[in-house]
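Each chain is listed here by its residues.
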Amino acid sequence: MSPLITAAELAGLSGATVLDVRWRLGGAPGAAGVDDYRAGHIPGAVFCDLETDLAGPPVLEAGTPGGRHPLPSAASFQEAMRRLGVSGSRPVVVYDEADSTAAARAWWTLRHFGHPDVRVLDGGLRAWVAAGSPLSTEEPVPEPGDFEARPGGMPVLDAGQAARLAADGVLLDARAAERYRGEVEPMDPVAGHIPDAVSAPTAENVEPSGRFHRPAFLRERFNTLGVVPGVEVGAYCGSGVTAAHQVLALEVAGVPAALYVGSWSDWVTDPARPVATG
């Protein structure tokens, strides 16, 4: 089953839990996303806060694993998903504004904690509106779900594993190219990239509309970056959000990949770890 769903398919789907995961990098927790949600959302959708529902508290102390958006604990994630009405026996559809950057984090986290049926609305709310489907300002109060969080459904990397994969396999850096090169760094205290990682900005995974490129196009894109049969693949970004989008694009292309959740924000907490630029 494809991890993506079209607006037409979602309009004909019954019994699914729909999560609105609109989010903006660098904003206050939930602020921009929930305001957008209240202004209009897919009928029946419930707002999911990336900062508090899909991540644990930031961990940025030197030598302490974590980063800006670490994995939530299984207990806290389970509580959040049950509050949002998620059950293991019902499909879940997640969406954001258009390009699925935030929605991919919801897709990946639900999959990691064992939900068997999660799909991302390809093109997000923009595609829903373009299809002529209605919006709602009503904020439903869902019946509590019964989702049981069991970690291990998706492969993860720590810093050491990411370094080894960069040397022995393919580690894709999902950030914008100028951040990879170390020319700018708006979020973290050190600029650059993990040595031997390959620049692969997630913006190139989608069309201008925000929809993902076709699987064949994505397979060719990743192939040119060294993703070939038999080679282990992983992804990282600034804090594990856009890298989840990379893992989703790889899945659309038929390629399994691991996620370094802590990503660059975790990597740079240890000054002994090497940094490459250019």
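Just above, that's the structure.
Draft legend 1. A look at the sheet that holds strand S6 (residues 156-157). The strand order S6-S10-S9-S7-S8 describes an open sheet built from 5 strands, whose pairing is parallel. In this open sheet, the two strands that pair with only one neighbour each are S6 and strand S8 (198-199). The pairing of S6 with strand S10 (residues 258-260) spans 2 bridges and is classified as parallel. Note on S10: the bridge partner recorded for Leu157 is Tyr260.

Draft legend 2. Quick look at the side chain of Glu51. Here Glu51 lies in helix H3 (residues 50-53). One buried charge, Glu51, has no salt-bridge partner; the nearest side chain with opposite charge is Arg68, at 7.3 Å. For Glu51, the side chain forms a polar contact with the side chain of His69, separated by 3.1 Å.

Draft legend 3. Representation of the nonpolar core in the model. If you look at the biggest cluster of nonpolar residues, it comprises 54 residues, and the most contacted ones within it are Leu19, Met81, Val94, Trp107, Leu110, Leu172 and Phe222. Of all the secondary structure elements, the ones that give two or more residues to this core are helix H4 (74-83), strand S4 (92-95), helix H5 (101-112), strand S5 (118-121), strand S7 (170-173), helix H9 (215-224), strand S9 (233-236) and helix H10 (242-252). Apart from the residues lying within four places of it in its own chain, the contact partners of Leu19 are Val46, Cys48, Met81, Leu84, Val86, Val92, Val93, Val94, Tyr95 and Leu110.

Draft legend 4. Expanded view of the layout of surface pockets. Here the largest pocket defines a volume of roughly 310 Å³. In this structure, the largest pocket is lined by 19 residues; those nearest its centre are Leu25, Thr101, Arg179, Thr202 and Thr242. Here the second largest pocket defines a volume of roughly 200 Å³. Lining of the second largest pocket is provided by 16 residues; of these, Val227, Val231, Val233, Val255 and Pro256 occupy positions nearest its centre. It is H9 that provides the largest number of residues to the lining of the second largest pocket, a total of 3 residues.

Draft legend 5. Layout of the sheet that holds strand S1 (residues 4-5). The parallel open sheet is built from 5 strands, whose spatial order is S1-S5-S4-S2-S3. Each end of this open sheet is capped by a strand with a single partner; those strands are S1 and strand S3 (46-47). Direction of pairing for strand S2 (residues 17-20) relative to S4: parallel, over a ladder of 4 bridges. Each bridged residue has a counterpart across the sheet, and for Thr17 the counterpart in S4 is Val92.

The rules we used
Residues numbered from 1 in each chain as written. Predicted model: local features only at pLDDT ≥ 70, side-chain atom pairs only at ≥ 80, totals over all residues. Heavy atoms only, no water. Pairing = 2+ DSSP bridges. Helix = DSSP H or I, 4+ residues; strand = E, 2+ residues; numbered from the N terminus. Buried < 20%, exposed > 50% of the residue type's maximum accessible area, 1.4 Å probe, protein only. Lys, Arg positive; Asp, Glu negative; His and termini not counted. Salt bridge = Lys/Arg side-chain N within 4 Å of Asp/Glu carboxyl O. Polar contact = N/O pair within 3.5 Å; in protein donor to acceptor, adjacent residues only side chain to side chain. Core = buried A, V, L, I, M, F, W, Y, C linked by side-chain atoms within 4.5 Å. Contact = heavy atoms within 4.5 Å. 1 Å grid on protein atoms, 1.4 Å probe; cavity = no way out; pocket = protein on both sides within 12 Å on 5 of 7 lines; lining within 4 Å. Points joined across faces, edges and corners; volume = space filled by probe spheres on them.

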